[in-house]
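# Structural characterization, general
Chain by chain, the residues run as shown.
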Amino acid sequence: MNVCIDVQDVSFTYEDAPEPALRHVSLQVHEGEFLAVLGHNGSGKSTLAKLLNALYLPTEGHITVCGMDTQSDENLWKIRQKAGMIFQNPDNQLVATVVREDVAFGLENLGVPREEMIPRIDAALQAVGMSQFAEAAPHMLSGGQKQRIAIAGVLAMKPECIVLDEATAMLDPVGRREVLAAVEKLNREQGITVVLITHHMNEAEHADRVIVMNDGLVVMDGTPREVFTRKKELEDIGLAVPDTVSLLFSLREAGMDVPVDAITVEECADAIAKNFT
């Protein structure tokens with residue numbers, strides 16, 4: 001599998017900060033992969049997200065996105081086209097008074113001809129389930145719908161990777177589910193690489209791979225099942241395992257014979273039910 005993003009021994013220190021926000025981080029994200037990056041506030045995960053989109057440049061080390069070094073000025077706009085970014089507050093990403101015009105904004109900046117722009121906008125809105133709102137005013141939409149419009153704007157530019165930096169943090173549970181469902185669909189059906197930065201453990205359940213960060217370091221790297229069964233280690237760095245895993249650990253401590261790697265609600269229910277059949 002080809003490498004989409006390659007982070008090589010990267011450190012980053014904010015101006016006037018006494019300590020680096022990232023410390024010699026190395027990782028690879030492969031094409032078509034769904035990677036979740038977890039960590040508490042101040043762990044370095046959002047700093048990493050901004051480095052992947054060349055909003056920040058490494059203090060040490062190198063990052064390549066689709067084979068392009070982020071520290072090369074001539075690659076800057078190509079990288080941001082290849083690795084689209086979705087931020088925490090959807091209101092900060094909407095620039096037009098009509099949904100269709102908002103999705104068109106990035107294409108206009110790229111100089112895409114209008115005859116090509118229209119089908120790309122329609123396809124992007126359809127992909128995130130927002131076609132019926134094409135002529136709506138963005139400020140009248142819910143938070144989850146606004147984030148899906150932001151994703152459509154990135155999608156219209158035909159990225160190879162989407163980086164979501166705490167993109168569900170300001171949403172209610174319904175909005176979070178809407179955004180995650182749209183992102184999972186793009187990953188599974190269109191093969192778009194996804195890097196999901198979050199502190200919500202449940203959002204990482206369906207990822208192919210999970211990275212846990214703490215104090216600027218990558219401290220865990222594995223599948224969701226491998227990572228979430230390390231309950232004590234996660235709690236030691238201020239993270240809670242998903243509710244399903246926490247319940248299974250409690251039941252096991254109470255003497256019930258259940259696995260602790262059943263991470264989805266359905267798997268958890270099945271594991272518990274087997275003790276009563």
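Residues numbered from 1 in each chain as written. Predicted model: local features only at pLDDT ≥ 70, side-chain atom pairs only at ≥ 80, totals over all residues. Heavy atoms only, no water.

### Remarks on unusual backbone geometry
Trans peptide bonds make up the majority, and among non-glycine residues the majority have a negative phi. Phi is positive for His 24, which is not a glycine, with a value near 50 degrees. The partly exposed category is assigned to His 24, whose relative accessible area is 48%. The backbone of Cys 66 sits at a positive phi, close to 55 degrees, despite the residue not being glycine. Note on placement: Cys 66 falls in the loop between strand E4 (60-65) and strand E5 (68-69). Assessed through its relative accessible area of 25%, Cys 66 is described here as partly exposed. (Buried < 20%, exposed > 50% of the residue type's maximum accessible area, 1.4 Å probe, protein only. Helix = DSSP H or I, 4+ residues; strand = E, 2+ residues; numbered from the N terminus.)

### Some remarks on the pattern of salt bridges
It is possible for side chains of opposite charge to pair when their charged atoms get near one another. Tallied over the full model, the rule gives 18 salt bridges. Put simply, Glu 19 and Arg 23 hold a salt bridge, and the shortest N to O gap is 3.8 Å. A relative accessible area of 48% places Glu 19 in the partly exposed class. Judged by relative accessible area, which is 23%, Arg 23 ranks as partly exposed. Put simply, Arg 148 and Glu 178 hold a salt bridge, and the shortest N to O gap is 3.4 Å. Placement of the pair is Arg 148 in helix H5 (residues 143-155) and Glu 178 in helix H6 (residues 173-190), with a sequence separation of 30 residues. Exposure remark for Glu 178: the relative accessible area of 23% places this residue in the partly exposed category. (Salt bridge = Lys/Arg side-chain N within 4 Å of Asp/Glu carboxyl O.)

### Here's the deal with the sheet that holds E5
Read from one edge of the open sheet, four strands run E2-E1-E4-E5, paired in antiparallel fashion. Single-partner strands in this sheet number two, and they are strand E2 (22-30) and E5. Pairing analysis gives two bridges linking E4 to E5, with the strands arranged antiparallel. Paired with Val 65 across the bridge in E5 is Met 68. Across the face of the sheet, helix H1 (residues 45-52) comes into contact with strand E1 (3-12), E2 and E4 while running at roughly 125 degrees to E1. (Pairing = 2+ DSSP bridges. Contact = heavy atoms within 4.5 Å. Axes fitted to C-alpha atoms, helices over the stretch in contact; angles between N-to-C directions.)

### With respect to the pairing of strand E8 (residues 193-198)
For E8, the tally of buried residues reaches six of six residues, placing the bulk of the element in the interior. Neither face of E8 is exposed, since Thr 193, Val 195 and Ile 197 on one face and Val 194, Leu 196 and Thr 198 on the opposite face are all buried. As judged from the five bridges shared by strand E3 (residues 34-38) and E8, these two strands associate in the parallel manner. Bridging across to E8, Val 37 finds its partner in Ile 197. Looking at chain direction, strand E7 (residues 161-165) and E8 are connected through five bridges and run parallel. By the bridge assignment for E8, Asp 165 is matched with Ile 197. The handedness of the E7 to E8 crossover, carried by H6, is right-handed. (Right-handed = clockwise from strand over helix to strand, strands pointing away.)

### Examining the side chain of Thr 264
Of note, Thr 264 is situated in the loop between helix H9 (243-253) and helix H10 (265-273). Setting aside chain neighbours within four positions, we find Thr 264 in contact with Glu 205, His 206 and Thr 244.

### What about the sheet that holds strand E6 (residues 83-86)?
Neighbouring strands of a sheet are bound in pairs by backbone hydrogen bonds; such pairs are parallel or else antiparallel. Taken together, six strands build an open sheet; the order of strands is E6-E7-E8-E3-E9-E10 and the sheet is mixed. Edge strands, defined here as strands with exactly one partner in the open sheet, are E6 and strand E10 (217-222). With strand direction ignored, the average angle separating the axes of adjacent strands in the sheet is 20 degrees. Helix-sheet contacts for H6 involve E3, E7 and E8, and the interaxial angle to E3 is about 140 degrees.

### Topic: the packing of aromatic side chains
Applying the stated criterion across every chain yields a total of three aromatic pairs. Measuring from centroid to centroid gives 4.9 Å for Phe 12 and Tyr 14, while their planes differ by 90 degrees, and the two rings are edge-to-face. Here the aromatic rings of Tyr 14 and Tyr 56 are separated by 5.6 Å at their centres, their planes lie at 90 degrees, and the arrangement is edge-to-face. Within this pair, whereas Tyr 14 is found in the loop between E1 and E2, its partner Tyr 56 is found in the loop between H1 and E4, the two being separated by 42 residues in sequence. By way of ring pairs, the aromatic residues Phe 12, Tyr 14 and Tyr 56 are connected into one cluster. The ring of Trp 77 carries the charged tip of Arg 80 above its face, separated from the ring centre by 5.4 Å. A cation over a ring is seen here: Lys 231 above Phe 249, with NZ or CZ 5.7 Å from the ring centre. (Phe/Tyr/Trp six-rings, centres within 6.5 Å; stacked < 30°, edge-to-face > 60°. Lys NZ or Arg CZ within 6 Å of the ring centre and 35° of its normal.)

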